[in-house]
Amino acid sequence: MAARVALIGIGMGSDAHVRAIAASENLVLHGVLSRNQQRAGAFCKTYGEQHDAPVPVAYADLEALVADDAVDFVIVCTPPDARTDIVNALCAAKKPILMEKPVERTLEQATTIVERCEQAGIPLGIVLQHRMRDASMQLVDLLESGRFGPIGVVEINVSWWRPQSYYDEPGRGTYARDGGGVLISQAIHPLDLALSLCGPVSRVQAMTRTSSLHRMEAEDFVAAGLDFANGACGSLVASTASFPGMPESIAIHCEEASVRLQSGQIEVHWRNGDHELLGETTTSGGGADPMAFPYVYHQRIIEDFAEAIATGRDPAVTGRKALDVHKLIAALVRSSKEQQAVSVN
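Residues numbered from 1 in each chain as written. Predicted model: local features only at pLDDT ≥ 70, side-chain atom pairs only at ≥ 80, totals over all residues. Heavy atoms only, no water.

**Side note on the environment of Glu 276**
Stated formally: Secondary structure elements are taken from DSSP: a helix is a run of H or I of four residues or more, a strand is a run of E of two residues or more, and numbering for both begins at the N terminus. In this description, contact between two residues means that some pair of their heavy atoms is separated by no more than 4.5 Å. Polar contact criterion, stated in full: a pair of N or O atoms within 3.5 Å, where within protein one must be able to donate a hydrogen and the other to accept it, and residues adjacent in sequence count only if both atoms are side-chain atoms.
Looking at where Glu 276 falls in the secondary structure, it is placed in strand E14 (residues 275-279). In this structure the C-alpha to C-alpha distance between Glu 276 and Ile 266, which are 10 residues apart in sequence, comes to 7.9 Å. Among residues more than four places away in sequence, those in contact with Glu 276 are Arg 147, Ile 266, Glu 267, Val 268 and Trp 270. Polar contacts involving the side chain of Glu 276 include one to the side chain of Trp 270, which spans 2.7 Å.

**A look at helix H5 (residues 107-120)**
So the rule is basically this: A helix's residues, less one, multiplied by 1.5 Å, set its expected span. Between buried and exposed lies partly exposed: a residue is buried under 20% and exposed over 50% of the maximum accessible area for its type, with that area taken using a 1.4 Å probe on protein chains only.
Its 14 residues place the ends of H5 20 Å apart at the C-alpha level, agreeing with the 20 Å of an ideal helix rising 1.5 Å per residue. All of the buried residues along H5 are Ala 110, Thr 111, Ile 113, Val 114, Cys 117 and Ala 120. Turning to H5, the residues buried within the fold contact helix H4 (84-92), strand E5 (97-100), strand E6 (124-127) and helix H10 (319-338). A positive backbone phi angle near 70° is found at Gly 121, which sits one or two residues after H5.

**Here we look at unusual backbone geometry**
Going from Lys 101 to Pro 102, the amide bond is cis rather than trans, its omega being -15°. With respect to the element layout, Pro 102 can be found in the loop between E5 and H5. Cis geometry marks the peptide bond from Phe 243 to Pro 244, where omega comes out at 5°. For Pro 244, the position within the fold is in the loop between strand E10 (233-239) and strand E11 (249-254). The phi torsion at Asp 52 lies on the positive side, around 50°, for a residue other than glycine.

**Describing the pairing of E6**
What counts, and what does not: If the strands point away from the viewer and the path from the first strand over the helix to the second runs clockwise, then the crossover is right-handed.
Residues Leu 124 and Ile 126 of E6 are buried on one face, and the alternating residues Gly 125 and Val 127, pointing to the opposite face, are buried as well. The parallel pair E5 and E6, bridged by H5, forms a crossover whose chirality is right-handed.

**Re the pairing of strand E9 (residues 221-228)**
Defined as follows: Strands qualify as paired when DSSP identifies two bridges or more between them.
Residues Val 222, Ala 224, Leu 226 and Phe 228 line the buried face of E9, whereas the alternating positions Phe 221, Ala 223, Gly 225 and Asp 227 sit on a face that is not buried. As paired elements, strand E8 (residues 201-209) and E9 share 8 bridges and run antiparallel to each other. Note that in E9 the partner of Arg 209 across the bridge is Phe 221.

**Some remarks on the pattern of salt bridges**
Put simply, the test is: For this document, the term salt bridge refers to a Lys or Arg side-chain nitrogen within 4 Å of an Asp or Glu carboxyl oxygen.
All chains considered together, the criterion is met by 13 salt bridges. A salt bridge links Asp 72 to Arg 4, with the nearest nitrogen and oxygen atoms 3.3 Å apart. Placement of Asp 72 in the loop between helix H3 (62-66) and strand E4 (73-76) and of Arg 4 in strand E1 (residues 3-8) is noted, with a sequence separation of 68 residues between them. Relative accessible area serves as the criterion here: at 26%, Asp 72 is assigned to the partly exposed category. Exposure remark for Arg 4: the relative accessible area of 26% places this residue in the partly exposed category. Note that Asp 304 is salt-bridged to Arg 313, the shortest N-O span being 2.9 Å. Note on Asp 304: relative accessible area 15%, which makes it buried. Overall, the relative accessible area of 32% leaves Arg 313 in the partly exposed class. Salt bridges here are not isolated pairs; linked through shared partners, they connect Glu 169, Arg 172, Arg 177 and Asp 178.

**Concerning the nonpolar core**
Quick note on the threshold: Think of a nonpolar core as a cluster: buried Ala, Val, Leu, Ile, Met, Phe, Trp, Tyr and Cys residues, connected wherever their side-chain atoms sit within 4.5 Å.
Counting 97 residues, the largest nonpolar core has Leu 139, Phe 148, Leu 191, Leu 236, Ile 252 and Leu 332 as its most contacted members. It is helix H8 (residues 182-198) that provides the largest number of residues to this core, a total of 10 residues. Setting aside residues no more than four positions away along its own chain, Leu 191 makes contact with Ile 156, Leu 183, Leu 236, Val 325, Leu 328, Ile 329 and Leu 332.

**A short note on the packing of helix H1 (residues 15-23) against helix H9 (residues 296-311)**
Applied cut-off: Orientation is described by lines fitted to C-alpha atoms, with helices fitted over the stretch in contact, and by angles between N-to-C directions that extend from 0 to 180 degrees. Any angle that falls under 35 degrees is termed roughly parallel, while one over 145 is termed roughly antiparallel, one within 65 to 115 roughly perpendicular, and all others oblique. By definition, any crossing whose near helix is turned counterclockwise from its far helix by less than a right angle is left-handed, and any crossing with a clockwise turn is right-handed.
Relative orientation of the contacting elements H1 and H9 amounts to 70°, with a least axis distance of 8 Å. Considering their axes alone, H1 and H9 lie roughly perpendicular with respect to each other. Here H1 runs over H9; the crossing is right-handed. Where H1 approaches H9, its residues Ala 16, His 17, Ala 20, Ile 21 and Ala 23 are matched on the opposing element by His 298, Gln 299 and Ile 302.

**Considering the sheet that holds strand E13 (residues 265-270)**
Spatial strand order, E14-E13-E12-E11-E7-E10-E9-E8-E15: 9 strands in an open sheet with mixed pairing. With one partner strand each, in any of the chains shown, E14 and strand E15 (342-343) form the two edges of the open sheet. Relative to strand E12 (residues 257-262), E11 runs antiparallel, the two being bridged by 5 bridges. From the neighbouring strand, Ile 252 faces E12, where its bridge partner is Val 259. Along the sheet, H8 contacts strand E7 (151-159), E8, E9, E10, E11 and E12; its crossing angle with E7, the most-contacted strand, is approximately 155°.

Quick look at the structure:
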């Protein structure tokens, strides 16, 4: 039986979720909650017509959603500052939660949400869908095989672009609503992926800035040196001021080969002179259109979450796992403020 999903929030960030649910044989969009009930009603009617599907319920309020026993789990796509009351209500109703990144605006607030779900025994998954790309999963297997040898250097580059109109939306790029800029809103994805590939970062030294190319409160540029717990060193450059925007990349230089993950492809340069190109090119949303990427990775992470709650296993990215990238981002911000190297903890 298909899992019945309730969606909270129907802004831009929900688009990939909606397309993923509609495309899946294992998921049904059962209901929708928005701060604007009239908009939610119109959305539900349009969804039913466009996808030849039953019209989802347009909930009057959060209380109506949590009282709906037909809901198997809830996807939360609200801005980060609107999460706490929602999570508390869903925990009280014992409804599993799949939440868009970031967990919350700060590490402390994110930890509170994760601990609240753990104490209530509620499954909490986080949408860090870059882990679900074909090339990402293939690279995990290649690294675990040991063929590349020990990791020596890691280079993370996020040269993205967002026009000023993106930051003109009320709350976008502010600490009060989003919790920051390029780090927590964009670079969080490749940073989380890098941690899953290369292990934890133990120490950072960073510089964050708001460039002259944007009018916004938080940072649109960061450069940092990274010390990994496994002894590797690395670098991070992340920006939303890099017109016209390029696909993010992670380069991992090992004893036997150097490998670059970019645009859905893995390029391997072996020390013996061999060269391999694996995978197929895909888009990432690194340019002016933040939603210019395939929804299939969202579909995989939503279907994985449905399977996880059905079988009792952990989802692909738990709330507890997602705290690792929150800790790294907090350390990068703290390092820049203190103008010195800091430990990640």
